[in-house]
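These are the residues of each chain, in order.
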Amino acid sequence: MNCESDLENRPSPVRTALAVDANPEVDTVLSNALNPRLWRIKHVSDNFAALALAETTPCDLILTSEKTSGKQDVELLRTIRRVRPHTRLIILTDDATPAEVIASMREHAFSFFSRPFSPESLAAMIRSAAEGPCWDEGIEVLSATPSWLRLAASCDIRTAERLVQFIHEIADLPDTERDDVAMAFREILLNAIEHGAQFNPNEFVEISYIRSRHMVMCRVKDPGKGFSLDQIRHSALSNPPEDPIRHASYREAQGMRAGGYGVLVAKELVDELIYDEKGNDVLLIKYLSQVHDKPAKENAQSA
């Protein structure tokens, strides 16, 4: 047997995913998202059993049960990471408060999903956790209350997608407004890490999320030199009326990814999009259609 065929027939290292009291839907998503040649899936009944197994067996990925609260799962994460500091844990729960989502970020959860969530979004996050390179947390909580969150995030796509999911969970808004804010934030964030940092994971973008009774505001500041909206030929904003896709040719010629509609999309989803003079610091403002009083379970103390 030659060397090439020998390598092809060697068994691949098998990694372990742990599902805590998974319902059939979540179990199907997990099974379909992971390559069965590379992963084995174990099941336990509760968080106590998950902790006992993690203490004796390295688990590369853990999905919590929707039947437990975000607070209980954050405590599980905190305890497991003392033994297995780089375990990737995705919290699933039926309900969550912004304070619990923030606490999960402080403890370096990989992601957080509360009901309702789409199976497709969960599958994409599972694949990101499973297929990504050696994991660096990528997100640092600088200061946080349920009303005002400040972060620093590594300028790579995987961290950006994780951050968008966290912001989606933190935004205590009606579904339509929450989706608009998350999508607009995603577009501006991707612009920041692509054009401001050139996808350099060693660079960081600064994020602020502020929630008042009357509005939501997101701030994204990238480490780049900035730009003028009138001069960004890679954006659909620069297209003349007679050539609405001119930016696509420019992006292709420069070897850039397809796109260029991010700022245009964001402007349609939020009420105000404000850039500073340099163009590397932007505010997204969404005014709420109704005044939403803070739920009693949210207090003003730091998470």
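Quick look at the structure, then. Quantities reported herein were computed from a predicted structural model and do not represent experimental measurements.

## Examining the overall build of the protein
- Per the secondary structure count, the protein includes 10 helices and 11 strands.
- When the 303 residues of the protein are sorted by exposure, 48% land in the buried category.
- Across the protein, the fraction of contacts at a sequence separation of at least 24, relative to all contacts at a separation of at least 6, is 68%.
- Summed over its atoms, the accessible surface of the protein is roughly 15400 Å², and 51% of this surface lies on carbon and sulfur atoms.

## Structural notes on the sheet that holds strand E1 (residues 15–20)
- Read across the open sheet, the five strands follow the order E2-E1-E3-E4-E5; overall the sheet is parallel. The open sheet is flanked by strand E2 (39–44) and strand E5 (111–114), the only strands paired with a single partner. Here the average twist between neighbouring strands, direction ignored, is 15°.
- Looking at chain direction, strand E3 (residues 61–63) and strand E4 (residues 88–93) are connected through three bridges and run parallel. The residue bridging Leu61 from the neighbouring strand is Arg88, located in E4.
- Relative to E5, helix H7 (residues 157–170) is tilted by about 35°, and along the sheet it contacts E4 and E5.

## Things to note about the sheet that holds strand E9 (residues 215–221)
- Read from one edge to the other, the open sheet built from six strands follows the order E6-E7-E8-E9-E11-E10, with strand pairing classed as antiparallel. Pairing within the sheet leaves two strands with one partner each, and these edge strands are strand E6 (139–144) and strand E10 (272–275). Between one strand and the next, the sheet's axes are offset by a mean angle of 15°, whatever the strand orientation.
- Packing against the sheet, helix H5 (residues 98–106) makes contact with E6 and strand E7 (148–154), and its axis sits at approximately 135° to E6.

## Re the packing of helix H6 (residues 119–131) against H7
- Following both chains from N to C, one finds H6 and H7 inclined at 140°, their axes separated by 11 Å at the closest point. Classed by the angle they form, the pair H6 and H7 counts as oblique. Between H6 and H7 the crossing geometry is left-handed. For the pair formed by H6 and H7, the contact residues are Met125, Ser128 and Ala129 on the first element and Arg158, Glu161, Arg162 and Gln165 on the second.

## Regarding the environment of Glu137
- By the element assignment, Glu137 lies in the loop between H6 and E6.
- For Glu137, a relative accessible area of 16% corresponds to the buried category.
- A sequence separation of 51 residues divides Glu137 from His86, and the C-alpha atoms of the two residues are 8.6 Å apart.
- If we ignore the near neighbours within four places in the chain, the residues touching Glu137 are Arg81, His108 and Arg162.

Thresholds, definitions, all that
- Residues numbered from 1 in each chain as written.
- Predicted model: local features only at pLDDT ≥ 70, side-chain atom pairs only at ≥ 80, totals over all residues.
- Heavy atoms only, no water.
- Helix = DSSP H or I, 4+ residues; strand = E, 2+ residues; numbered from the N terminus.
- Buried < 20%, exposed > 50% of the residue type's maximum accessible area, 1.4 Å probe, protein only.
- Contact = heavy atoms within 4.5 Å.
- Areas by Shrake-Rupley, 256 points an atom, 1.4 Å probe, with all protein chains shown as cover.
- Pairing = 2+ DSSP bridges.
- Axes fitted to C-alpha atoms, helices over the stretch in contact; angles between N-to-C directions.
- Parallel < 35°, antiparallel > 145°, perpendicular 65-115°, else oblique.
- Left-handed = near helix turned anticlockwise from the far one by under 90°.

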